[in-house]
Amino acid sequence: MAISKPPSLGKAARPSVRRAHISAPKTWDEKDPAVVPLQVQLALRDAMRLEDVAPIQYAAFLWIIAQESSGVVGVRNHRSTARGLFQLLRPQYELNPNGEKSFGNPVEECQGGIRYVIGRYQSANAAKIFWRQHHWY
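Residues numbered from 1 in each chain as written. Predicted model: local features only at pLDDT ≥ 70, side-chain atom pairs only at ≥ 80, totals over all residues. Heavy atoms only, no water.

## Brief notes about unusual backbone geometry
Thought 1: In this structure, Ser-70 takes a positive phi of about 55 degrees despite not being glycine.
Thought 2: As for its position among the elements, Ser-70 is in the loop between α3 (58-69) and α4 (106-121).
Thought 3: With phi around 65 degrees, His-135 is a residue other than glycine that occupies positive phi space.
Thought 4: Along the chain, the position of His-135 falls in the segment after α5 (124-134).
Thought 5: Assessed through its relative accessible area of 34%, His-135 is described here as partly exposed. (Helix = DSSP H or I, 4+ residues; strand = E, 2+ residues; numbered from the N terminus. Buried < 20%, exposed > 50% of the residue type's maximum accessible area, 1.4 Å probe, protein only.)

Right under this line is the structure:
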């Protein structure tokens with residue numbers, strides 16, 4: 001069976017389209033993982049050991065923390081229920097070792113974030129790729 005091409009509109013029938021180059025508004029600036037305080041970096045390493053996560057994922061987890069909270073332990077998002085280093089929402093608080101009581105403890109906040117990322121994306125690298133595309137995860 002032959003597939004036929006649609007008829008050509010010809011130059012006269014084609015609408016003239018001139019589009020100005022409009023840049024999309026920039027709504028996000030990537031944060032350097034170096035903004036994350038050393039205490040939180042060490043807590044992430046401890047949490048990864050406790051959760052038996054391969055060290056190769058460290059850089060991606062640190063990048064996510066930088067984007068989500070800049071490494072501020074216990075930080076709250078006043079527009080939602082998001083809290084902590086990984087900005088977990090209320091339904092995910094239970095992923096922390098001590099639920100909501102874990103906020104303020106950097107190791108436990110990291111454990112909850114690691115559990116969320118691995119459960120949803122299977123790896124920190126996959127979560128980072130998704131985050132870069134959508135600016136959330």
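## Quick notes on the environment of Phe-61
Thought 1: Note that Phe-61 resides in helix α3.
Thought 2: The class of Phe-61 is buried, set by a relative accessible area of 0%.
Thought 3: As for Phe-61 and Ala-124, which are separated by 63 residues in sequence, their C-alpha atoms are 5.6 Å apart.
Thought 4: Not counting the four nearest positions on each side in its chain, Phe-61 is found in contact with Leu-44, Met-48, Val-53, Phe-86, Ile-114, Val-117, Ile-118 and Ala-124. (Contact = heavy atoms within 4.5 Å.)

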